[in-house]
Amino acid sequence: MIRKILTLGAPILREKALPVHKFDANLRRLINDMIETMKSANGAGLAAPQIGVSQRVIVVLQENDKPLPLVNPTILHSEGIEEDEEGCLSIPNLYAIVPRPAYVKVSGFNPKGRAVSIEAEGILARALCHEIDHLDGVLFIDKAYPDTFRWVKVEKAESKR
Ligand code: ZN
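Below, the structure is looked at part by part.

Parameters at a glance
Residues numbered from 1 in each chain as written. Predicted model: local features only at pLDDT ≥ 70, side-chain atom pairs only at ≥ 80, totals over all residues. Heavy atoms only, no water. Buried < 20%, exposed > 50% of the residue type's maximum accessible area, 1.4 Å probe, protein only. Helix = DSSP H or I, 4+ residues; strand = E, 2+ residues; numbered from the N terminus. Pairing = 2+ DSSP bridges. Salt bridge = Lys/Arg side-chain N within 4 Å of Asp/Glu carboxyl O. Donors = N, O, S within 2.8 Å, 3.2 Å for Na, K, Ca; no water.

1. Quick word on the pairing of strand S2 (residues 57–61)
- The element S2 is largely enclosed, with a buried count of 4 among its 5 residues.
- Counting the residues between successive antiparallel strands, the hairpin from S2 to strand S3 (residues 67–79) contains 5 residues, one of them, Asp65, with a positive phi of roughly 70 degrees.

So this is what it looks like as structure tokens:
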């Protein structure tokens, strides 16, 4: 089911999301909805608080366009800094340059509750950091270089998260 994506001003976007304890059908339904919602909005990632659910669940689109869901994700290790333009499905049409780690190692759980760890670089590392920030109420505008903000009227699907 496609859910409504909340935008800047919704209090839940600034709250710390709660850890998931039950890996049940409700969680899998939430993840399916998140994937469907992300795809319909042409996003590269989505965090549960963006659809009004205060739980530590994210989905990101991998290089092969396969969605990767992660529950209770944690950044174990990061290296380097890369500067690139970023946007957010919850802040439509606004883009800015955000410094992010060039490499991250992230641990978490898959929808069945199995522990997984992922190493990522570039766009995927950026997407993981962006979505994990959402779980702590942090938005890309908090980390962007202030003089790089720009409004884009035309939909620019590939860099929305
Ligand atoms: Zn976002």
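2. Looking at the sheet that holds strand S4 (residues 82–88)
- If you walk across this open sheet you meet the 3 strands as S4-S5-S8, and the pairing is antiparallel. Each edge of the sheet is formed by a strand with only one pairing partner; in this case those strands are S4 and strand S8 (150–151).
- Judged from the 2 bridges that link them, strand S5 (residues 91–100) and S8 form a sheet pairing that is antiparallel. Of the residues in S8, the one forming a bridge with Tyr95 is Arg150.

3. Thoughts on the pattern of salt bridges
- The full count for this structure, using the stated rule, is 9 salt bridges.
- A salt bridge links Lys143 to Asp133, with the nearest nitrogen and oxygen atoms 2.8 Å apart. Note that Lys143 is positioned in helix H3 (residues 140–143) and Asp133 in helix H2 (residues 122–134), a separation of 10 residues in sequence.
- Linked through salt bridges whose partners overlap, the residues forming this network are Glu86, Arg100, Arg126, Asp133 and Lys143.

4. With respect to unusual backbone geometry
- Positive phi values are uncommon outside glycine, yet Asn72 reaches one of about 50 degrees.
- On the secondary structure map, Asn72 appears in strand S3.
- For Asn72, a relative accessible area of 17% puts it in the buried group.
- Its identity as a non-glycine residue notwithstanding, Asn93 has a phi of 75 degrees, on the positive side.
- As for its position among the elements, Asn93 is in strand S5.
- Asn93 sits in the partly exposed class, given a relative accessible area of 26%.

5. Topic: the pairing of S5
- In terms of strand pairing, S4 meets S5 through 6 bridges, oriented antiparallel. Residue Glu86 lies in a different strand from S5, and its bridge partner there is Ala96.
- In this structure, the hairpin formed by S4 and S5 is closed by a connection of 2 residues.

6. Topic: the coordination of the zinc ion
- Within the first shell, the zinc ion binds the protein through Cys88 (SG), His130 (NE2) and His134 (NE2), at distances of 2.1 to 2.3 Å.
- Mapping the donors of the zinc ion onto the primary sequence gives the spacing C-x41-H-x3-H. Residue Cys88 is located in strand S4, and its partner His134 is located in helix H2; the two are separated by 46 residues in the primary sequence.
- Among the residues examined, His134 registers a relative accessible area of 2% and is labelled buried.

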